[in-house]
Each structure stands twice: as structure tokens, then as C-alpha cells.
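As a plain string of letters, each chain reads:
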Amino acid sequence: MTDEPEFDVLVAGGGLVGASLARALAGSPLRIALVEAMPPGRAGKPGFDERSTALAPTSRRLFRALGCWNALAAEAAPIRVIHVSDQGHFGITRLRAADHGLDALGHVVPNRVLGGVLAEGLAGQRNVQLFAPARVRHVQQDAGGVIVDLDGDDLAPRVRTRLLVAADGGDSPIRRQLGITMSQRDYGQSALVANVAPDRDPGGWAYERFTRTGPLALLPLSGGRCALIWTMPPARAARLMQLDDAAVLGQLQDAFGYRLGRINGIGERSLYPLHLRQARRLVEGRTVLLGNAARTLHPVAGQGFNLALRDVAELADCICRAAHSGWDPGSAAVLAGYQRRRRRDQRKVAGFTDALVRAFSSSDPLLATGRNLGLVALELIPGLRHGLARQAMGWGGPLPRLSRGLLPD
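Read on for a plain summary of the structure. Along each chain, numbering runs from 1 in the same order as the chain's sequence is written. Where totals are concerned, whole chains, interfaces and linings use all residues; where local detail is concerned, this predicted model gives features only for residues with pLDDT of at least 70, and gives and counts side-chain atom pairs only at 80 or more. In computing side-chain properties, one takes all heavy atoms of the structure into account and sets aside hydrogens as well as water.

## Some thoughts on the overall build of the protein chain
Only DSSP runs of H or I with at least four residues qualify as helices, and only runs of E with at least two residues qualify as strands; both kinds are numbered from the N terminus onward. For the protein chain, the helix and strand inventory stands at 11 helices and 20 strands. Throughout, a contact is declared for two residues whenever any of their heavy atoms are within 4.5 Å. For the protein chain, contacts bridging at least 24 residues in sequence account for 72% of all contacts bridging at least 6. Each accessible area is a Shrake-Rupley result for a 1.4 Å probe, and residues are judged covered by the shown protein chains and nothing else. With an accessible surface of roughly 17,600 Å², the protein chain has 53% of that area assigned to carbon and sulfur atoms.

See below:
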């Protein structure tokens, strides 16, 4: 017996990925702890500059199964068409939801709304205890569990759990403490992220334009706005950050064109270096890495968060099956099964994203001709277009139960 509070699963990191896992396990017979550095609070009022996330159909099904989607739907902007083009070249293709019998290829949801709905879904759950504001300071694993020392909560400075889930971000302190290293490929690009206001409402159209300096995406938001993700060499991105709004909008207009008319306004700009980072192992003892702690992908196809949610779905299924069978959720057998089921999708998505970046960031004339012929082929051959759309929507392989809209076993 020990004096520490005991849990079956402790999730370190209450961001969108960690909170989604806690929500998936809420109501189960398991004792769940969620540790979050930010104090609990209201989602806040909407603003022009709020960040958003594009949810694939598999993610929409997950949130619907968890009873969250109705609360998200009112502020979820549907993506009905994805328009793909290559600046200065002839290649173009369009992916339409109607071609797949869907009402949308995805939805763009404000992070404020998504975080608020997840928090509301966790409030009052008898089997979930929130430690916030708190951080994991130190972990010590043994054969029977993990002792976790917390900072920031005087009531429980030390707890014990059978399974520790590190969803504590790209700079994961838990990952570093466990000695798990990352492989990294630097793309030599940075992403300028902001919200913009074009003349014309995007009306459910999303645009992926491959420019001479890198991919540029405009995603539809509520209120006629668009989310901008504009990738370019770091030196150019740094210069743009120093310019006034009018100068930035002029360069954006030159790169994007006038498909949405004139772009009249831009909100607060943020800059992020882009790279492919992957943990060399996802499990260490009784600890599993999740979300950005496990990998960071290029945003070109919006795959990172949706891939992480499929990981959430599979991990929740493995944990719940273990609970119903009387198994230890942190055992080597349970975590090996999780890794085995997720390995193919993780590798495929990372490879797909990396290939897109390489193909559409090169100025080689032969490669440019080849990729534009590829875009034309996609436009003319429905089967090719269908395959690309299925991969983009997260349907590239077998899906966990929650990603199919079913609750864990």
C-alpha cells in the first residue's frame, strides 16, 4: 500500500489532444487524472485573431461519438471543396465533398470552442480528477506503475498511476526525462499564420496553393474570414513580420491571386519553424507519447491533429478493452498492441505529408512539370482524385472504433 493517490491513467497535458483522451475515457470504470499547466477557466469570447483547427471526417465522428459534436457544429465552418493549384503553372484540381457522398470534406473549428466543449464534457465526471494549474515535475517507473511528482497542487504533490500518457507538447519534459530522442528533418521553411478577411465569403471552399516559396493555404472560417497558413523561407518570413499590414496583404495577394477578390484585412501574425519531428520510440515502460510529444508534421495537408486523434481513439480502445478484461492498462502487452495497430497509419501519414512538401517546394523544372501533370491527372481521373481525398480525410487504412463513430469496447 502507498500514501499517494492512485490512478489507472494519468494524462499529462490538458490541451486538445490530452483533453480528448480524457474525454474518451470519462465514464469508464477507470480512475483518470488530467494534469494541465493552465488554470481552468471559461473558453472566452470570440475574436478575429483566434486560432482554429481543421477536423477531418474521422475526427468529426470521434467527437460525435463522445457527444461533443452538437456543441461544436454551430461554429464549425464546413470545407465542401478543396481547390489545389500551382502558382505560375497549368496544374489544378478540385476535391469535392459531393463526389464522395459527403456534406463536407472537413470542418474548421475555433480552438476556443473545441477546448471549451471538451472542458465542459469533463466537468462533473466522477472518474476524472483535474490537477490544474499543475505540471509533471518528475516521473519514476517501476514494474507496477509510475510515481509522478507534481508542481502547483499542494493537495497532491505526488500521485501513482498504472499508465502515464505524455501529451505535454512538442518540447515534452516527460519525453526528455525518459531519454527519448527525436529524429528531425528541417524543411527550411517557416509558417506565417493569421486570419484574413477577403472580399468574398469563401463559401465552404478551401485553397491549397503551391507558390514559388512554399505552400499557401486559406481555410474557410465563420463570418466570411479565412485562416491563412503561408509557408516560406525563414528569412523572408522574418522580413514579412516586420512589414505593416498593407505591405503583407499586397504580397499575399500576389501569391494567392483574386479567387476571393481583394484581401482587405489581416489579424495578428504568428511565425512557426517547420520540420518533421518524430520520437524514436512512442512507448517507454508504462509511458506512451501522444500528440506533438510523439511527432510534429508539416501543416501542408492538415494531417497532424487528425492523426493524433486517431491515436487517441486507438489508445482509448486498448485501455477500455484492458479494463473490461481485468488487464493492467499500462502493461507491455496492452501498449504493444496499441503500437502495432497504429504503426501503419502513422508512417503512411508522415510519409504522405513529407512527400507533398518535397514535391511542391522544389523549383526543379522537371519536377514542376511532373507535379502539374499529376494535378491534371487528378482532375481528369476520378479514381486518383478519390484516393487522394480518402488519404486527406483520414481513411487511408483500418480505423479505430471512435474514428468510425463507435464508443470504445
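Okay, back to it.
## A short note on the environment of Gly224
Mapped onto the secondary structure, Gly224 falls in the loop between β14 (214–220) and β15 (226–232). Exposure remark for Gly224: the relative accessible area of 13% places this residue in the buried category. C-alpha of Gly224 to C-alpha of Asp199: the two residues are 25 residues apart in sequence and 8.5 Å apart in space. Non-local contacts of Gly224, meaning those with residues more than four positions away in its chain, are made with Pro198, Asp201 and Pro202. Buried, partly exposed and exposed residues are distinguished by accessible area as a fraction of the type maximum, computed with a 1.4 Å probe on protein chains only: under 20%, between the cut-offs, and over 50%, respectively.

## Examining the nonpolar core
Take the buried residues of types Ala, Val, Leu, Ile, Met, Phe, Trp, Tyr and Cys, join any two whose side-chain atoms come within 4.5 Å, and each joined set is a nonpolar core. In terms of nonpolar packing, the biggest core is built from 49 residues, with Leu21, Phe63, Val165 and Leu290 touching the most fellow members. Among the elements that make up this core, the one with the highest residue count is helix α8 (residues 304–325) (11 residues). Among residues more than four places away in sequence, those in contact with Leu290 are Val17, Leu21, Val165, Ala166, Ala167, Asp311, Val312, Leu315 and Tyr338.

## With respect to the side chain of Asp317
Considering the arrangement of structural elements, one finds Asp317 in helix α8. Not counting the four nearest positions on each side in its chain, Asp317 is found in contact with Arg401, Pro408 and Asp409.

## Things to note about the pattern of salt bridges
If the charged atoms of two oppositely charged side chains come close together, the side chains can form a pair. For salt bridges, the criterion is a side-chain nitrogen of Lys or Arg within 4 Å of an Asp or Glu carboxyl oxygen. All told, the structure shown has 17 salt bridges when counted by the stated rule. Asp328 is the partner of Arg286 in a salt bridge, and the nearest nitrogen-oxygen pair spans 2.5 Å. Of this pair, Arg286 sits in the loop between β18 (283–284) and β19 (287–289) while Asp328 sits in the loop between α8 and α9 (332–360); the two residues are 42 residues apart in sequence, bridging distant segments of the chain. Asp328 carries the same exposure label as Arg286, and that label is buried. Here Arg310 makes a salt bridge to Asp345, at a shortest N to O gap of 2.7 Å. Note that Arg310 is positioned in helix α8 and Asp345 in helix α9, a separation of 35 residues in sequence. An identical accessibility class is assigned to Arg310 and Asp345; each is buried. A cluster of three or more residues bridged by salt bridges with shared partners is formed by Arg295, Arg310, Asp311, Arg342 and Asp345.

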